[in-house]
Every structure is written in structure tokens, then in C-alpha cells.
Amino acid sequence: MSNTEPAELGEGHSPAAWTAVVIMLIGFTIGTFCFWFSIAWGVWASAALVVVGLVVGAVMGKAGYGVNGPKYVAKHHAE
């Protein structure tokens, strides 16, 4: 492995980010199946779910569960 990786991995390794991404992935998955089966209301509902995931991630970040938040506990990665 290269030594050019920064010691701090940074964004994306927080409960807020993981929660937002999981909700949005579920929304995209449901939307894909609804699009495939021509269920228009399901496509729009899943698009709304993706927006909900974005909002949940932002709210959790503001509540302190983001990378620089006081409730975030950094995990050290083994080398």
C-alpha cells in the first residue's frame, strides 16, 4: 500500500454520512425496481426518499454526528 494516504480519512466516516447513504441507496433501489415495473408513483416516492436521506444526513450532522461533531467518535484504522 502506498504511503501517500493521509493519516486522517476525513469525510464520509460518520454516523450521519452512513445513515444518509443507506437511506439514499434504499431509495435508488426501490426507484429502480419501480421504474422497471412501470410504477410511476413508486418512482416519485423513491425520489422523495432520496431527498429524505439527504435531509436526515444534514440534520444528523448538525446534531453532532458528523465528522467534526462532538458526538462523533473517530475509529483508528490498523495498518
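Report on the accompanying structure. Since the structure is predicted, the reported quantities are computational estimates derived from the model, not experimental observations.

How each quantity is defined
Residues numbered from 1 in each chain as written. Predicted model: local features only at pLDDT ≥ 70, side-chain atom pairs only at ≥ 80, totals over all residues. Heavy atoms only, no water. Phe/Tyr/Trp six-rings, centres within 6.5 Å; stacked < 30°, edge-to-face > 60°. Helix = DSSP H or I, 4+ residues; strand = E, 2+ residues; numbered from the N terminus. Buried < 20%, exposed > 50% of the residue type's maximum accessible area, 1.4 Å probe, protein only.

**Quick look at the packing of aromatic side chains**
Part 1: This structure, assessed with the given rule, holds two aromatic pairs.
Part 2: The interplanar angle of 45° and the centroid separation of 6.2 Å between the aromatic rings of Phe33 and Trp36 together place this pair among those described as tilted. Remark: Trp36 and Phe33 occur in helix 1 (residues 15–36); sequence separation between them is three residues, near one turn of the helix.
Part 3: Given the relative accessible area of 44%, Phe33 is considered partly exposed.
Part 4: Relative to Phe37, the ring of Trp36 lies with its centre 5.1 Å away and its plane at 40°, an arrangement referred to as tilted.
Part 5: Overall, the relative accessible area of 62% leaves Trp36 in the exposed class.
Part 6: Judged by its relative accessible area of 56%, Phe37 is exposed.

**Examining the side chain of Ser14**
Part 1: Mapping Ser14 onto the fold places it in the segment before helix 1.
Part 2: On the basis of relative accessible area, Ser14 is assigned to the buried category, the value being 4%.

**Observations concerning unusual backbone geometry**
Part 1: A positive phi is found at Ser38, a non-glycine position, where the angle reads about 55°.
Part 2: When you line up the elements, Ser38 lands in the loop between helix 1 and helix 2 (40–65).

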